[in-house]
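Spelled out, the chains give:
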Amino acid sequence: MKGRILSVVGGMFLLTVCSKGDQGNAAAAPAAPPSLAPAPAAAPAAATSAASADGGTIAGKIKFTGTPPKVPTIDMSEEAACKAKYPAPPKEETVVAGAANALANVFVYVSAGLPANAKYQAPSTPVVLDQNGCRYHPHVFGIMAGQNLEIKNSDPLLHNIKAIAKKNRGFNVSQPNAGMTRDVTFSAPEVMVNLECNVHGWMHAYAGVRSDPFFAVSGADGSFSIKGLPPGTYTVEAWHERFGTQTATVTIAGTESKTANFTFTAK
Amino acid sequence: MIHSLLLMALVATQDTSAGKQVYTKWCAGCHGDNGAGEGPAARHMIPPPRDFTGAVYQIRSTASGQLPIDADLLRSIDEGLPGTAMPGWKTRLSDRQRRDVLAYIKTFSTFFADTTQRPQVLQFGKEPGGGTGAEALRVGRQFYDSIGCRKCHGDQGRGDGPSAPTLKDDAGHPIFAANLHENWRFNGGPTTSDIYHRLRTGLDGTPMPSFSDLIDQKFLTETELWRVAEYVRSLSPSEPPVVRDVIHAPLVTRVLPSAPDDSAWNAVDPYWFPLVGQVIHKSRWFAPAVTGVWVKAVHTRDSIALRVTWDDRSASPDSAWLGHIGRVLATVQSDDSTREQPALWPDQMVVQFPVTIPTGMERPYFLMGSPSGPVYQWRWTSTSRDAAVAGLARGIERFDSLPRGAVGARAVYDHGQWRVVFTRALASPDTASQLPFRSGRAIPVAFFASDGSNGEHGTRTAVSTWYFLALDEPVPARVFISPVLAMVLTLGLGMLVVWRAQQKTSYRRQQ
């Protein structure tokens, strides 16, 4: 279920260059973001040329080797309303590891190989980014350029949402009240756009902005799956906020399913 | 059509080449030849110079995320950004030069050439009436709390909120939440209207967000947000403080107010002195956190009390600021070959006098004296709040404490502000090295402040130049009586003359 939630959207082709993740800083980690669910569901329907269910699939598992880094516990003592939402003090999400060193919150996308002239329509369903318990849900997500990102505050206290980007316009807006929402869109593909709250220095989220729907985020078990790919040879890149990037080359012919596993080195 | 396009292209080329000349001469030293904010001087500054390549600008009249309009950029060029190293250029460059350089600056980012970017000036409306009344300020304060301003700017607005130590700009450089008591240092201008505009637009590239959504989504009315701006404005003096060179210490007949919050201080005049980074001696310091001191002084027949008040976002040492210290040291280039490791340094205040009151114009070297010309100092450190050490400094790196230096100190730290009272007997048992205080002479005085949580210690400190301290004597009664006597006498004489003249007139008539 979780793996599927994070899986990719169907769609068409295009894409081109793909800016590589320029960053290595930050914190991230998963935590079963329920809010991501609508996005994958919506995207296939919106695709203008149909690869949809007929296409090929790239799926795999992501893990890491080495000692899992120590992830600090978040001090929420300044925010009683957030602290109360956790039975035990939560940890930062820079590295979220599952059983057998499975690595969650890895953004996996097709960085090269799609036809240069392909165009994909952004789904009309928004991706929802929820600020709840002084954390972002989801922590890492993919979104198409032009697709709505609905940012909402479920906490009864001030969050500011700052986007730091290079190819897109960054912004910084405040949501001091529970129930506030703000819709934003990104215009250009960029891996990744950083989102952060300056009131709560531990709050970071990462958006992988793509002009095609072929991306996924690994779930708690480290699995991901990108569906609906037309035949072709693709470069698949996996990005993790702490461990950097890995790439693989995968050739798809027809409706087959190919496996691409990634192994990061803990650092 | 084609001709006019060509003409436009030509004009544009001319503009940016002229702008490039101005830029290279006046701007590149900080902002860098390629506009990335990496000029030779950049690594000495916090905040660092703007990186023009991202087209992210703090001071705009447009919504957060949008480009600024030309008038916004021109304003920053003309007026500079108070509280930063960016000066105003209105008086240094011609109108043409400033417009040319503006056009050139825009070429550093592709966003300005992107026709899908359409910056829209926000509708700010006019300030509602009644903004300075008690009720308006109460409402402003209420929303200051409820919309979370205090998270960064602090309960009393001195930039000492719980999130303050973690703040970074977009590039990860350390950044202070503004001290709202110093509106003359606000990047976007000091007025209520300036503050309101910043609340609406946010300061892009910094942690300060836009609060426009509160109005758009009907959580707050425009008037209520104006009240927040008015409350913030009310925290600063109505006019920026003016430096008066001589601190007058009146004579008090009751006991010396040795506690920082003794009510006797309320009746004493404050004097403000600006501090700047110590940039003379290695290692230099261009990013001081303490921007000035407020000083009050009184004396009795046998003792003097000097109260120094300054805003400091942290009572150092405070481990919450360790990350900030690390960012400061990583951002500012050191004079030394090796970069210092962050540590939990204390805060420090130094009050400096000459060893004896000079008879002529000559005073010891202001920067803590010299080997041959020492200065007499009181040194207070936050790790020992209710004590101070008197001693002789012989240059910035040598301080010898005096064994019989009987200077007392008491300090409070209160919501981003230190208030420290120094006390000492006027007379000195050791007149050779410890200044005897006396009235009738202007006594040179200088101040040095370090914020340990900003990585400051040793030569990394904020300094003032020499000012003066005067112990006022009560004005003798004759000063007041003489003019009255003179007036009475003049009046009496005048009346006498008139009376005599009238006598003569009536005498002649009778004849």
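Residues numbered from 1 in each chain as written. Chains lettered and ligands numbered in written order. Predicted model: local features only at pLDDT ≥ 70, side-chain atom pairs only at ≥ 80, totals over all residues. Heavy atoms only, no water.

### What to know about the overall build of chain A
Alright, step 1. On a plain count of helices and strands, chain A comes out with three helices and 17 strands.
Alright, step 2. A total of 267 residues make up chain A; the buried ones form 60% of that total.
Alright, step 3. By sequence separation, contacts in chain A at least 24 residues apart represent 73% of the contacts at least 6 residues apart.
Alright, step 4. On chain A, roughly 9,700 Å² of surface is accessible, and the fraction owed to carbon and sulfur atoms is 54%. (Helix = DSSP H or I, 4+ residues; strand = E, 2+ residues; numbered from the N terminus. Buried < 20%, exposed > 50% of the residue type's maximum accessible area, 1.4 Å probe, protein only. Contact = heavy atoms within 4.5 Å. Areas by Shrake-Rupley, 256 points an atom, 1.4 Å probe, with all protein chains shown as cover.)

### A closer look at the environment of B:A393
Alright, step 1. Mapped onto the elements of the fold, B:A393 is located in strand β8 (residues 389–393).
Alright, step 2. Taking the C-alpha atoms as reference points, B:A393 and B:P374, separated by 19 residues in sequence, lie 5.5 Å from one another.

### What about the sheet that holds strand β5 (residues 303–311) of chain B?
Residues and elements named next belong to chain B.
Alright, step 1. Read from one edge of the open sheet, five strands run β2-β4-β5-β11-β10, paired in antiparallel fashion. Strands with a single pairing partner mark the edges of an open sheet, and in this sheet they are β2 (271–274) and β10 (408–413). Averaged over all pairs of adjacent strands, the angle between strand axes in this sheet comes to 20°, irrespective of strand direction. (Pairing = 2+ DSSP bridges. Axes fitted to C-alpha atoms, helices over the stretch in contact; angles between N-to-C directions.)

### Observations concerning the pattern of salt bridges
Residues and elements named next belong to chain B.
Alright, step 1. In total, this model carries 29 salt bridges over all chains according to the counting rule given.
Alright, step 2. The partner of D70 in a salt bridge is K106, and the shortest N-O contact between them spans 2.6 Å. Placement of the pair is D70 in helix α2 (residues 70–79) and K106 in helix α3 (residues 95–106), with a sequence separation of 36 residues.
Alright, step 3. Of the residues examined, K106 reaches a relative accessible area of 22% and is grouped as partly exposed.
Alright, step 4. For E473, the salt bridge identified is with R301, shortest N-O distance 3.3 Å. In this pair, E473 is assigned in the loop between β14 (467–471) and α10 (477–510) and R301 in the loop between β4 (292–299) and β5, connecting sequence segments 172 residues apart.
Alright, step 5. R301 gets classed as exposed once you look at its relative accessible area, which sits at 60%. (Salt bridge = Lys/Arg side-chain N within 4 Å of Asp/Glu carboxyl O.)

### Quick notes on the confidence of the model for chain A
Alright, step 1. Of the residues in chain A, 80% have a pLDDT of 70 or more, and the chain-wide mean is 84.
Alright, step 2. Confidence drops under pLDDT 50 across residues 1–51 of chain A; counting only partners more than four residues distant or on other chains, this segment forms 171 contacts. (pLDDT = per-residue confidence, 0-100.)

### Considerations on the state of the cysteines
Alright, step 1. Going through the model one piece at a time under the given rule, you end up with one disulfide over all chains.
Alright, step 2. With its sulfur 2.0 Å from that of its partner, A:C82 forms a disulfide with A:C134. Disulfide A:C82-A:C134: torsion about the S-S bond near 70°, hence right-handed. Taken together, the residues A:C82 in helix α3 (residues 80–83) and A:C134 in the loop between β3 (127–132) and β4 (135–137) connect sequence positions 52 residues apart. A:C134 carries the same exposure label as A:C82, and that label is buried.
Alright, step 3. Free cysteine: A:C197, not disulfide-bonded; nearest cysteine sulfur from A:C134 at 7.4 Å.
Alright, step 4. Its relative accessible area of 2% is what places A:C197 among the buried residues.
Alright, step 5. Its sulfur unpaired, B:C149 is 9.3 Å from the next cysteine sulfur, which belongs to B:C152.
Alright, step 6. The class for B:C149 is buried, based on a relative accessible area of 10%. (Disulfide = S-S within 2.5 Å.)

### Quick word on the interface of chain A and chain B
Alright, step 1. Every contact between the two is made by 24 residues of chain A and, on the other side, 32 residues of chain B.
Alright, step 2. Applying the counting criterion to the chain A and chain B interface returns three salt bridges.
Alright, step 3. For A:E79, the salt bridge goes to B:K151, with nearest N and O atoms at 2.8 Å.
Alright, step 4. Inspection of the region where chain A meets chain B yields 17 residue pairs in polar contact (both at pLDDT 80 or more).
Alright, step 5. Those elements that provide at least two residues to the side of chain A that touches chain B are β7 (159–164), β8 (171–175) and β9 (181–184) of chain A.
Alright, step 6. Taken together, the residues of the side of chain A that touches chain B sort by class into eight nonpolar, nine polar and seven charged. (Polar contact = N/O pair within 3.5 Å; in protein donor to acceptor, adjacent residues only side chain to side chain. Nonpolar A, V, L, I, M, F, W, Y, C, P; charged D, E, K, R; others polar.)

### Details of the sheet that holds β7(A)
Residues and elements named next belong to chain A.
Alright, step 1. Strand order in the open sheet formed by five strands is β5-β11-β10-β7-β8, and the pairing between neighbours is mixed. Each edge of the open sheet is held by one strand with a lone partner, namely β5 (140–144) and β8. Strand-to-strand twist of the sheet, defined as the mean angle between neighbouring strand axes without regard to direction, takes the value 25°.
Alright, step 2. When strand β10 (residues 190–196) meets strand β11 (residues 204–210), the two strands line up antiparallel, connected through six bridges. Its bridge partner lying in β11, V193 is registered against A207.

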